[in-house]
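Architecture and fold: a report
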Amino acid sequence: MDFSTKAFDSTKAGQAGLANAKTECLVVGVFEQQPLAGLAKALDVVSKGLLARMVKRGELDGKLGSTLMLHEVAGWSQARVLFVGLGREDQFSPKGFNEAARAAARAVLASRASDAIWTLPQAAVAKRDTAWAVCASILALREATYRFTQMKSKAEPANTALRKVLFAVAPEDLKAAKVAARHGEAIANGMALTKDLGNLPGNVCTPTYLADTARKLAREFKLKADILGPKQIEALKMGSFLSVARGSVQPPQFIVLKYEGGAAKQAPIVLVGKGVTFDSGGISIKPGEGMDEMKYDMCGAASVLGTMRAVAEMGLKLNVIAIVPATENMPGGRATKPGDVVTSMSGQTIEVLNTDAEGRLILCDALTYAERFKPAAVIDVATLTGACIIALGHVNTGLFSKSDALADELLAAGRTAGDTAWRLPVEEEYQEQLKSNFADMANIGGRPAGSVTAACFLSRFTEKYEWAHLDIAGTAWKSGAAKGATGRPVPLLTQFLIDREAR
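In this report, the structure presented in the accompanying data block is examined. (Residues numbered from 1 in each chain as written. Predicted model: local features only at pLDDT ≥ 70, side-chain atom pairs only at ≥ 80, totals over all residues. Heavy atoms only, no water.)

What about the pattern of salt bridges?
- Tallying each qualifying case throughout the model produces 22 salt bridges.
- Close ionic contact of Arg-57 with Glu-59 constitutes a salt bridge, the shortest N to O distance being 2.3 Å.
- When its relative accessible area of 40% is taken as the criterion, Glu-59 is described as partly exposed.
- For the salt bridge of Arg-503 with Glu-409, the shortest nitrogen-to-oxygen distance reads 3.4 Å. Of this pair, Arg-503 sits in the segment after helix H16 (490-502) while Glu-409 sits in helix H13 (residues 404-417), and the two are 94 residues apart along the sequence.
- On the accessibility criterion, Arg-503 (67% relative accessible area) is exposed.
- Glu-409 gets classed as buried once you look at its relative accessible area, which sits at 18%.
- One salt-bridge network, held together by shared partners, links Glu-220, Arg-309 and Glu-313. (Salt bridge = Lys/Arg side-chain N within 4 Å of Asp/Glu carboxyl O. Buried < 20%, exposed > 50% of the residue type's maximum accessible area, 1.4 Å probe, protein only. Helix = DSSP H or I, 4+ residues; strand = E, 2+ residues; numbered from the N terminus.)

Right, dumping it as structure tokens:
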């Protein structure tokens, strides 16, 4: 789908110009309980009061998310005009805009129009600008068209005829809108990669497959990829990471992908993604029901790779490094057993009380490895705990950090991107639950505050830099009839990096 922007001056002949614009579908927003204004009023004049009559009859009410498609109206140049309800103007929020954009996307795609002029960004959204609305519209359109069909035996026909979307904006907003369109496409592409990787089955998306994906990104966007195999991982004394990989016939891969868009001396942002391509639970094996969804246990890795793709496509003036420890967690004769003690790269010893708490065991060595880059900040992303789903459901990602400044940045980025997080504590009192009689720490702290003690475990390996942990167990994928990866938290991470570039 091709996206472009064009300026229309609504204070002069712009609305008349849009009213006469030729397109297969013109998308127009209308507010509830408001007289027709702007483009809608111009179209009403051309159609000799048709819209006013429809408003009077209640056919065009402007309720949030409502849609009305009119075809081949006398006096209109467009084959179709889609009216989208924006709700009450004094209550029009970012959430409301996203709801309206999603409704508009569904209606345009169902119409089989091949091109559209999209005017929704002209509607004023509380605390947001036109550029934000353009980006949000692109994400809504791309979300509506995403399908995962790679594993089907027969190619499925495309679900949309839509090929071109032109965003109509005010002249003073054109420059920012062009940048936003480029950013929106990049974020959507990063999310699509993240969803594709998450949706692939575990027999295809192995640790080696993730490594090959990183190599492909490096070739396409001129990044630097370093892939470490089992012998190199062992040489680095990553005993904790290797303890998870032992039960699998798939060799572990330690992936390092570097984007160098900033000055040579600029400290990088390091993103660490949990890459357990299938999590059986190991010897502490999971129940069979729903275990197929454990292919999604690498969504942290997928989101980090998707973010790297987006950052490279946007060309941000930052240095960003992705680190992905990738492995399966399987039972077997060589698998780690409950009660085993392993030594991490940091030298700290860990008593493995439950082999299904494996994400923290691979992340801790990756977090130690990150020290060598002298990072400005490190953010790890992981489908880490079911406890986070109990705490926050499927709305907010769990955010943990000892740095108020870094936490505030991530929370703000999430609000802007509509990919929200909620901060949970990382306090010393919780560390008591990780005490072990036989090692420096245990890998679990019991059922109480399970997501918090997991974050506390990780915090022990992050003392040399600013760090935040994102637990995406509740937000990385959906179950049930809508089963599939969501692409989160790519929007949050990319917005955080965009904001960092602007500092």
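A few points about the sheet that holds strand S17 (residues 441-442)
- With mixed pairing, the three strands of this open sheet are ordered in space as S12-S13-S17. Every other strand in the sheet has two partners, leaving strand S12 (341-343) and S17 as the edge strands with one partner each.
- In terms of strand pairing, strand S13 (residues 349-351) meets S17 through two bridges, oriented parallel. In the strand pairing of S17, Ile-350 is matched with Met-441. (Pairing = 2+ DSSP bridges.)

Section: a positive patch on the surface
- Positive charge collects at one region of the surface, where Lys-95, Arg-102, Arg-106 and Lys-478 lie side by side.
- Broken down by element, the residue count for the positive patch peaks at three residues, all from helix H4 (residues 94-111).
- Positionally, Lys-95 belongs in helix H4.
- Its relative accessible area of 68% is what places Lys-95 among the exposed residues. (Patch = residues over 30% accessible without salt bridge, like charges linked within 9 Å, V, L, I, M, F, W, Y side chains within 5 Å. Areas by Shrake-Rupley, 256 points an atom, 1.4 Å probe, with all protein chains shown as cover. Lys, Arg positive; Asp, Glu negative; His and termini not counted. Charge placed at Lys NZ, Arg CZ, Asp CG, Glu CD.)

Side note on the packing of aromatic side chains
- According to the stated counting rule, one finds 11 aromatic pairs in the structure shown.
- Relative to Phe-97, the ring of Phe-92 has its centre 6.2 Å away and its plane inclined at 55°; by these criteria the two rings are tilted.
- Residue classification places Phe-92 among the buried residues on the basis of a relative accessible area of 3%.
- A network of ring pairs unites the aromatic residues Phe-31, Phe-92, Phe-97 and Trp-132 as a single cluster.
- Taking the ring centre of Trp-132 as reference, the NZ or CZ of Arg-128 above it sits at 5.7 Å.
- One residue, Lys-195, lies across the ring of Tyr-146, its end atom 4.3 Å from the ring centre. (Phe/Tyr/Trp six-rings, centres within 6.5 Å; stacked < 30°, edge-to-face > 60°. Lys NZ or Arg CZ within 6 Å of the ring centre and 35° of its normal.)

Details of the sheet that holds strand S1 (residues 2-7)
- Pairing within the open sheet is mixed, and its six strands lie in the order S1-S6-S5-S2-S4-S3. Only two strands of the sheet have a single partner each, and these edge strands are S1 and strand S3 (67-71). Sheet twist, expressed as the mean angle between neighbouring strand axes with direction ignored, is 25°.
- Relative to strand S4 (residues 80-85), S3 is paired through five bridges, and the arrangement is antiparallel. Opposite Leu-70, over in S4, you have Val-81 as the bridge partner. (Axes fitted to C-alpha atoms, helices over the stretch in contact; angles between N-to-C directions.)

Considerations on the nonpolar core
- Core analysis: the biggest nonpolar cluster contains 59 residues, and Leu-210, Leu-257, Ile-379 and Leu-497 have the highest contact counts within it.
- Ranked by the residues each element gives to this core, the list is headed by helix H10 (residues 299-314), at 10 residues.
- By size, the runner-up hydrophobic cluster in this structure holds 45 residues, among which are Val-342, Met-345, Leu-363 and Phe-373. (Core = buried A, V, L, I, M, F, W, Y, C linked by side-chain atoms within 4.5 Å.)

Any functional reading would require information beyond the geometric quantities listed.
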